[in-house]
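Each chain, letter by letter, is given below.
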Amino acid sequence: MAEELGHRHRGGAEASLGVTTLLLDVVVGGLTTGGIYALVALGLNLQYGLMRVLNVAHGEFLMLGAYLTYALHTGWGVNPLLTLLITGPTAFAVGLALHRLLYARLLEGDAPESLESRSLLLSFGLMFVLQNAALLLWSADLRGYSYLAIPLHWLGTVFPANRVLAAAVALGLGLAFYVYLRVSLTGKAVRALMQEPEGARLVGIQTARIHALCFGAGIAMSAVTGSLVSMLFELTPFMGLPYTVTALVVVILGGLGNMLGCLAAGLLLGLVETAGIYLASSDIRLISSYAVLSLILLLRPSGLFGR
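Procedures and definitions
Residue indices begin from 1 for each chain and proceed along its sequence in written order. Local features are withheld for residues below a pLDDT of 70 in this predicted model, meaning they are given only at 70 or higher, and side-chain atom pairs are given and counted only at 80 or more; totals for whole chains, interfaces and linings count all residues. Note that water and hydrogens are dropped before the side-chain values are worked out from all heavy atoms of the structure. Elements are defined by DSSP. Helices are runs of H or I of four residues or more, strands are runs of E of two residues or more, and each kind is numbered from the N terminus. Burial here depends on accessible area, computed with a 1.4 Å probe over protein chains only, as a share of the maximum for the residue type. Under 20% is buried, over 50% is exposed, and the range in between is partly exposed. Whether two residues touch is decided by their heavy atoms; if any such pair falls within 4.5 Å, the residues are in contact. All accessibility values rest on the Shrake-Rupley procedure with a 1.4 Å probe; residue burial counts only the protein chains present in the view. Here, nonpolar core refers to any group of buried Ala, Val, Leu, Ile, Met, Phe, Trp, Tyr and Cys residues whose side-chain atoms link them within 4.5 Å. Here a polar contact is recorded for every N or O atom pair within 3.5 Å, except that within protein the pair must consist of a potential hydrogen donor and a potential acceptor, and residues adjacent in sequence are included only if both atoms are side-chain atoms. Centres within 6.5 Å make a pair out of two Phe, Tyr or Trp rings, where for Trp the six-membered ring is used; the pair is then stacked when the planes are under 30 degrees apart, edge-to-face when over 60, and tilted otherwise. For helices, the fitted axis covers only the stretch in contact; all axes are lines through C-alpha atoms, and the angles between them, taken along N-to-C directions, range from 0 to 180 degrees. These descriptions rest on fixed angle ranges, namely under 35 degrees for roughly parallel, over 145 for roughly antiparallel, 65 to 115 for roughly perpendicular, and the rest for oblique. The crossing is said to be left-handed when, going from far helix to near helix, the turn is anticlockwise and less than a right angle, and right-handed when the turn is clockwise. Just so you know the grouping, Ala, Val, Leu, Ile, Met, Phe, Trp, Tyr, Cys and Pro go in nonpolar, Asp, Glu, Lys and Arg go in charged, and all remaining residues, Gly too, go in polar. Patches were defined on residues exceeding 30% relative accessible area and lacking a salt bridge, with like-charge contacts within 9 Å and nonpolar side-chain contacts (Val, Leu, Ile, Met, Phe, Trp, Tyr) within 5 Å. Any carboxyl oxygen of Asp or Glu that lies within 4 Å of a side-chain nitrogen of Lys or Arg is treated as forming a salt bridge with it. For every residue, the predictor reports its confidence as pLDDT, a number between 0 and 100.

Engineer: Break down the overall build of the protein for me, with residues and values.
Structural biologist: Across its full length, the protein carries eleven helices and two strands. Across the 307 residues in the protein, those meeting the buried criterion constitute 46%. Considering only residue pairs separated by 6 or more positions, the protein has 77% of its internal contacts joining residues 24 or more positions apart. Accessible area for the protein stands at about 15300 Å²; split by element, carbon and sulfur atoms hold 68% of it.

Below you can see the structure in the form of structure tokens.
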């Protein structure tokens, strides 16, 4: 009798440990994925939430950032984390140039109701140009490198060190940018333009300058996210579009123009996708994402944190 009770006790303890390990896997894996989603979505939310520019080429700058980090690391041995100091400013400068050459006239000359459709067409063309440029430079072959691919053991669970590091950096950058928007004068101007564009113009906020800065910052966030993604996955010239779609889902979930909501929605989506993969299969990842999106749109059309 005592032996049977001992077997039951051990069995219950093992089952409890298994559930704890599974929950830990889902939480850490979800936060890792969600941190990447949140950072790339912040950049898109700056562009779409402030200027109503629907930039479907957003993920292509993630792809270019990933390839730039790959080239710097494999060609010159630069630490992938240090390449953030190159990809971020470079992408910011490219974003300013693109805004001046392509989007500034679009923002000035078009009525708000036609801006989304025209910016969509423009960014589709930009997406194909960037994809084919990447094909010419790096071909369609899968490329990648190994960085910190070592296991971290915690409470009986194993986590890849590079994923944890990438998630920590992504979340840190996202939170730092949110704090900057809250406390800086430029950040207050951005929030004023998002909340009341006409009133912001009347008090003297330079709309064109803020639009250019936000467009450049959005491109920079996408490229920096690409640098982090290159530490985790293989690269192709067509890797950007899925991240654009995911970023758009996160923006809608968090609320258009809501940066804190964007961060929370990215983490939520990462948790939902990871739970779906663990409980069912990897094929259910997209299904779970769009199921959450559909549910939120039905219950709160303005997003979880929208007004």
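Here the narrative resumes.
Engineer: Please set out the nonpolar core residue by residue, giving values where relevant.
Structural biologist: Judged by nonpolar contacts, the single largest core of 70 residues is most densely connected at L46, L50, V190, L228 and L253. Residue contacts for L46: discarding those within four places in its chain leaves M51, F177, V190, M194, C214, A217, G218, M221 and M259.

Engineer: Residue-level account of the side chain of T274, with values.
Structural biologist: Along the chain, the position of T274 falls in helix α10 (residues 259-279). Of the residues examined, T274 reaches a relative accessible area of 7% and is grouped as buried. Among the polar contacts made by the side chain of T274, one reaches the main-chain amide nitrogen of G30 at a distance of 3.4 Å. One polar contact links the side chain of T274 to the main-chain carbonyl oxygen of G270, over a distance of 2.8 Å. The residues contacting T274, other than those within four sequence positions of it, are D25, V26, G29, G30 and T33.

Engineer: Hey, could you go over the packing of aromatic side chains for me, with residue numbers and the actual values?
Structural biologist: What the rule picks out here adds up to three aromatic pairs. Their ring planes at 10 degrees and their centres at 4.3 Å tell us that Y67 and W138 sit as a pair that is stacked. Here the residue Y67 occupies a position in helix α2 (residues 58-76), and W138 occupies one in helix α4 (residues 112-138), the gap between them amounting to 71 residues. Take Y67 and W138: they sit in the same class, and that class is buried.

Engineer: With reference to specific residues and values, describe the packing of α2 against helix α9 (residues 240-254).
Structural biologist: In a packed pair of helices, the relevant descriptors are the angle between the two axes and the axis-to-axis distance. Direction vectors running N to C along α2 and α9 enclose 130 degrees, while the axes themselves pass 7 Å from each other. One finds that α2 runs oblique with respect to α9. By crossing handedness, the relation of α2 to α9 is classed as right-handed. Along its contact with α2, which presents H58, G59, E60, L62 and M63, the element α9 presents G240, L241, Y243 and T244.

Engineer: Residues and numbers for the packing of helix α5 (residues 161-183) against helix α8 (residues 207-229), please.
Structural biologist: Direction vectors running N to C along α5 and α8 enclose 165 degrees, while the axes themselves pass 10 Å from each other. The angle between the axes of α5 and α8 places the two elements in the roughly antiparallel class. Crossing geometry of α5 relative to α8 is assigned as right-handed. For the pair α5 and α8, the contacting residues are A166, V169, A170, L173 and F177 in the first and M221, V224 and L228 in the second. Of the residues assigned to the contact of α5 with α8, the class counts are eight nonpolar, no polar and no charged.

Engineer: Describe a nonpolar patch on the surface, and please don't skip the residues or the numbers.
Structural biologist: A cluster of nonpolar side chains, L68, L82, L85 and I86, forms an exposed patch at the surface whose accessible area comes to about 360 Å². For L85, the location among the structural elements is in helix α3 (residues 84-109).

Engineer: Go over the confidence of the model for the protein, please, and point to the residues and values.
Structural biologist: Of the residues in the protein, 84% have a pLDDT of 70 or more, and the chain-wide mean is 81. A low-confidence stretch, residues 4-15 stays under pLDDT 50, and its non-local contacts, those more than four residues away or across chains, total zero contacts.

Engineer: So what about the environment of T207? Which residues, and what values?
Structural biologist: Looking at where T207 falls in the secondary structure, it is placed in helix α8. Taking the C-alpha atoms as reference points, T207 and A189, separated by 18 residues in sequence, lie 9.0 Å from one another. The contact partners of T207, leaving out residues within four places of it in the chain, are L193 and R201.

Engineer: Tell me about unusual backbone geometry, residues and numbers included.
Structural biologist: A positive phi angle, close to 65 degrees, is found at S139, a residue other than glycine. Its location among the elements puts S139 in the loop between α4 and β1 (151-154). For S139, a relative accessible area of 25% translates into the label partly exposed.

Engineer: Kindly report on the environment of V292, identifying the contributing residues and their values.
Structural biologist: Structurally, V292 is set in helix α11 (residues 285-299). Looking at V292, the relative accessible area reads 16%, which means it is buried. Here the alpha-carbon distance between V292 and V272, two residues 20 residues apart in the chain, equals 8.1 Å.

Engineer: I'd like to hear about the environment of A220, residue by residue, with values.
Structural biologist: Within the fold, A220 resides in helix α8. A residue is classified by how much of its surface remains accessible, and A220, at 11% relative accessible area, is buried. Between the C-alpha atoms of A220 and G88, which are 132 residues apart in sequence, the distance is 4.8 Å. Excluding residues within four positions of it along the chain, A220 makes contact with G88, A91 and F92.

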